[in-house]
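What the coordinates show
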Amino acid sequence: QRPVRFRARIGGSKGRSGRCSGRGSTMRSPLWLVLAAVWLAVAAGLKARETGHFPPNYAGGDNYYYDDPSLAKLMPLLFRNHANMTCSDDRHSTPFLKQIRGVNLGGWLVLEPWITPSLFYQFLGADERWGDEAPKKVGMDTYSFCEALGPEEGNRQLRRHWKSWVTEEDISTLFQLNLDTLRIPVGDWMWRPYGAYVNCTDGALPELQRVLELAGKYGLKVLLDIHGLEGSQNGLDNSGRAADVRWTANVFSDAPAMQGRTFSHWATRKAEWIGKFDLDSLSYTELYWDRVDAALDVVRMIADQFAENAAIMGVQPVNEPWQFTPIGPLKRFYWEGYKIVKRRAPGWKYFMHDSFRLNSGLWTNFMNGCPDVVMDTHIYTAWNWPGPAKDFYSMACEAKHTIAAYEANVMPVVVGEWSLATDNCAMWLNGFNDNIPGYPMVQCDMVPCPEPYMSRDQPGAPPDPTKGPRGPFGTGESSPSYGMCPVDRAWREPSDAEVMKALGHKKLNAFSTGHGWIYWNFKTELEPKWDYVRAVEAGWLPRDAQAKSVEVALACASEDIDTDYECKVKPGATYDEIIAGVNWACASAKIVLPGCHAADDDTKVAHASKIFNGYFNEYHSGGATCDFGGAADLTDMSSTPKGREPCAQLFASLPGQKGTSGSAFPPAAAPSPVLSGCALLVASLAIGTMLARRHRAARSSQDGTLREQLVHLSARGVVDAEAASQAPESHPRLSAARHSS
């Protein structure tokens, strides 16, 4: 057994007082130290698992922390982090100036039957062949695939699948479409195999390395997305293991083909990565802090392994934790993972899924001021109620309101998954031989089931054209029949081509309000509306993902009649941040922006919103963000009360500000008598301007090297003095971060 290390905090509030972890550690302590630590742990109430009532809005867990085994050897964080899970003193060394435009490599290292059905046809008819043993012989996800086939055969088939599903030709195609990012779903079992994964998934890490090298060769950046965790974070097959699947004997059917074993999943779905879930109360009765530890161990291993890999731009510690996840422990998990990553790979971006609660307000102020954080949200129309095309158009364009509000008040938003599907017809989209009860809500189209992508050597593929639907069956309908497979229903009036192109352009228009998008998926075996490459080939999406498109820019014109967005100075942005953003915009623009020709910095700051908005309007359709190093955000002017002047004008109208008279700019309107949030910002900027001048004068005598900055921070107790005394210029990770920025 690995030695267990204890660490505890005496006192505290609700939630966990410490943690117990020994994963990945070889540290051994004298017996008396171990006993003392155990006593402290017991005194502090330390438990690997905590019982109680933990509903989705449970805000506890704030005393949990990750005991990083390498902490003493790591470089210090390059910003201040606070107990309330916020940050300050961010230097914006890696500003998020360019939108992400990418695709997911789904169905590869984490299996999903609907993406690659040829891998799962072999399990059709298992109830006929195995009878009561069928539950152990049916693969529905990565875990049960390995369980059903055993480690040797499972690994043989997986290795062939890995090499066939993502090839250099695929990566070359994505490069030619001018995409910039690949989001690669991975499973925690790749670093710490357990259960049926042991020996079955051997070779997955070398396959990941192969594709990372291809990404580097073609200049594509990679986001590593931990798609599956032990116990499942959402109960779906895309987490590695669908839970909880319950099998029953169907003895009521008169048809022999329908007799045998059937299963239920949707009525008993559970997600028990973070704790024990109670179906009756839809809440947790136990928190599994040991599994949170294990998940963070994987985050640490990924950062240790790939911190120097130039192809990787970031990591996502978990994909789609479901909406019943207690929000407090989930935030703590994100916060601890963030510090793990930033101590090892300071230039990486850190993506966090919204837990399907983007509109809840639960994320307000979370990780405020922290560099390189991104909220990942998934926006699909496949599960919406059927309706006319205009309803889907409206929903697509309305997404920009939510994105803009989040961008302004929380953090950058990337739509990490989306597609063009408007129904649930894609075969096995909701599980192998299953569907959500009541779905699909339209009559699906049928097409010939395709030839297997890994050749006809694959058992069971393609399905037997002489046989109808075969079990075992779930609670919904979705099966191949006589060699035909269900796919999304084509639109009849207007035509499918017209609706798909219009919907695609409207979604691109809406998502450009944020920091970008990542399509799900790069390809599928069967379904073109979930396949980026085929969507481009069909003319539904632009061939050049980075090009400025007039069609995309105007796509939501009819839906946006009462909508107006402006890229403006961000409330709370410092003088230095604003002038840095302004100077970057003025230097980067290929057009003359109003305000850029000002003679002094104060006048530029006074007109910063005009400069930011001018740059954003000119370049955002080509991928620019309203970020400017944290100095700006997007403001929904349609919800701004009339009569409130823009902040830049109010700022320029303050007494003593250059540009209010005798300048080349038109005189600004007098400030509103109402003390709005904008006016408060102006007042704070006026005071900040005076303090900034004094600060710049005092700072001008400093050498400005990072060593001196770290020593300065150590004097304030922000970083460790010993770490500050080391030579950061020679640190390879810091050099890499500088190079990437």
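All residue numbers refer to position in the chain's written sequence, counted from 1. Under the rules for a predicted model, residues below a pLDDT of 70 receive no local features and side-chain atom pairs below 80 are neither given nor counted, while totals for whole chains, interfaces and linings still include all residues. Hydrogens and water are ignored here; the side-chain numbers use all heavy atoms of the structure.

Here's the deal with the pattern of salt bridges
- What counts as a salt bridge is simple: a side-chain nitrogen of Lys or Arg found within 4 Å of a carboxyl oxygen of Asp or Glu. A complete count under the given rule lists 30 salt bridges for this structure.
- Between Asp-225 and Arg-183 there is a salt bridge whose closest N-O contact spans 3.4 Å. Of this pair, Asp-225 sits in strand β8 (residues 221-228) while Arg-183 sits in strand β7 (residues 181-187), and the two are 42 residues apart along the sequence.
- What makes Asp-225 buried here is its relative accessible area of 0%.
- Residue class for Arg-183 comes out buried when judged on its relative accessible area of 0%.
- Put simply, Lys-506 and Glu-559 hold a salt bridge, and the shortest N to O gap is 3.1 Å. Highlighted residues: Lys-506 in helix α9 (residues 496-511) and Glu-559 in the loop between α11 (550-553) and β20 (565-569), separated in sequence by 53 residues. The secondary structure listing takes helices from DSSP runs of H or I that are at least 4 residues long and strands from runs of E that are at least 2 residues long, numbered from the N terminus. For each residue, the accessible area found with a 1.4 Å probe, counting protein chains only, is set against the maximum for its type, and the residue is called buried under 20%, exposed over 50%, and partly exposed in between.

Brief notes about helix α3 (residues 142-165)
- Under the convention used throughout, the expected extent of a helix is 1.5 Å for every residue step, that is, one less than its residue count. Counted at 1.5 Å a residue, the expected span for α3 with its 24 residues is 34 Å, but the 15 Å between its end C-alpha atoms falls short.
- At Gly-150, α3 shows its strongest bend, of approximately 120°, with the proline Pro-151 following within four residues.
- What qualifies as a polar contact is a pair of N or O atoms within 3.5 Å, subject to a donor-acceptor requirement within protein and to the restriction that residues adjacent in sequence count only when both atoms come from side chains. For α3, the side-chain oxygen to backbone nitrogen distance between the N-cap and Tyr-143 is 3.2 Å, and the N-cap itself is Asp-141. What the bend at a residue measures is the angle between two axes, fitted to the seven residues ending there and to the seven starting there.

Details of the environment of Lys-501
- Here Lys-501 is to be found in helix α9.
- Residues are treated as being in contact if the distance between any of their heavy atoms lies within 4.5 Å. The residues touching Lys-501, leaving out its near neighbours within four places in the chain, are Gly-539, Trp-540 and Glu-551.

What about unusual backbone geometry?
- Looking along the chain, the bond that leaves Ala-461 and enters Pro-462 is cis, with omega of -10°.
- Position of Pro-462 among the secondary structure elements: in the loop between β17 (445-448) and β18 (484-487).
- That bond from Glu-493 to Pro-494 is cis: its omega, 0°, falls within 30 degrees of zero.
- Tracing the backbone through its elements, the reader meets Pro-494 in the loop between β18 and α9.
- With a phi close to 60°, Met-85 is a non-glycine residue in the positive phi region.
- Of note, Met-85 is situated in the loop between β4 (80-81) and β5 (87-88).
- Here Asn-433, not a glycine, exhibits a phi torsion of approximately 50°, which is positive.
- Residue position: Asn-433 is located in the loop between β16 (413-417) and β17.

Digging into the environment of Gly-154
- Structurally, Gly-154 can be placed in helix α3.
- The contacts of Gly-154, once residues within four sequence positions are left out, are Phe-145, Leu-149 and Cys-200.

A few points about the confidence of the model for the protein
- The pLDDT value tells you how sure the predictor is about a given residue, anywhere from 0 up to 100. On average, residues of the protein score 82 in pLDDT, and 78% of them reach the 70 mark or higher.
- Under a pLDDT of 50 for its full length, residues 1-46 has, in the predicted model, 84 contacts with residues more than four places off or in other chains.
- Taken as a whole, residues 640-741 scores under 50 in pLDDT and shows 127 contacts with residues more than four places along the chain or in a different chain.

Focus: the packing of aromatic side chains
- For Phe, Tyr and Trp, where Trp contributes only its six-membered ring, two rings pair if their centres lie within 6.5 Å, and the inter-plane angle classes them as stacked under 30 degrees, edge-to-face over 60, or tilted in between. On inspection of all chains with the given rule, the structure shows 40 aromatic pairs.
- When the ring of Phe-175 is compared with that of Tyr-218, the centres are 5.7 Å apart and the planes differ by 50°; the resulting orientation is tilted. Placement of Phe-175 in helix α4 (residues 168-176) and of Tyr-218 in helix α5 (residues 204-218) is noted, with a sequence separation of 43 residues between them.
- Classification of Phe-175 as partly exposed rests on a relative accessible area of 41%.
- Following the ring pairs from residue to residue traces out a cluster consisting of Trp-273, Phe-333, Tyr-334, Trp-363 and Phe-366.
- Looking at Arg-49, its charged tip hangs above the ring of Tyr-288, at a distance of 3.8 Å from the centre.
- Geometrically, a lysine NZ or arginine CZ counts as sitting over a ring once it is within 6 Å of the ring centre and also within 35 degrees of the ring normal. Over the face of the ring belonging to Tyr-393 we find Lys-506, whose NZ or CZ atom lies 5.1 Å from the ring centre.

A word on the sheet that holds strand β12 (residues 283-288)
- Note on pairing: DSSP must find at least two bridges between two strands before they are called paired. Taken together, the three strands give an open sheet; going across it, the order is β3-β12-β11, and neighbouring strands pair in antiparallel fashion. Taken across any chain shown, the strands that pair with only one partner, and hence form the sheet edges, are β3 (49-54) and β11 (275-278). Looking at each pair of strands side by side, their axes are set apart by 15° on average, direction ignored.
- In terms of strand pairing, β11 meets β12 through four bridges, oriented antiparallel. Paired with Phe-277 across the two strands is Tyr-284, which belongs to β12.
- To obtain each axis, a line is fitted to C-alpha atoms, and for helices this fit is confined to the stretch in contact; angles are then taken between N-to-C directions over 0 to 180 degrees. Here helix α6 (residues 289-306) sits on the sheet and contacts β3 and β12; the angle it forms with β12, its principal contact strand, is near 60°.

Here's the deal with the pairing of β7
- Across the seven residues that make up β7, a large majority, seven, are buried.
- Judged by which residues are buried, β7 turns out to be covered on both faces: Thr-181, Arg-183, Pro-185 and Gly-187 on one side and Leu-182, Ile-184 and Val-186 on the other are all buried.
- With three bridges joining them, strand β6 (residues 100-104) and β7 adopt parallel strand pairing. When the bridges of β7 are listed, Gly-102 appears paired with Thr-181.
- Relative to β8, β7 runs parallel, the two being bridged by seven bridges. Residue pairing across strands places Pro-185 opposite Asp-225, the latter belonging to β8.
- Seen with the strands pointing away from the viewer, any crossover whose path from the first strand over the helix to the second strand runs clockwise is right-handed. Running through α5, the crossover from β7 to the neighbouring parallel element β8 is right-handed.

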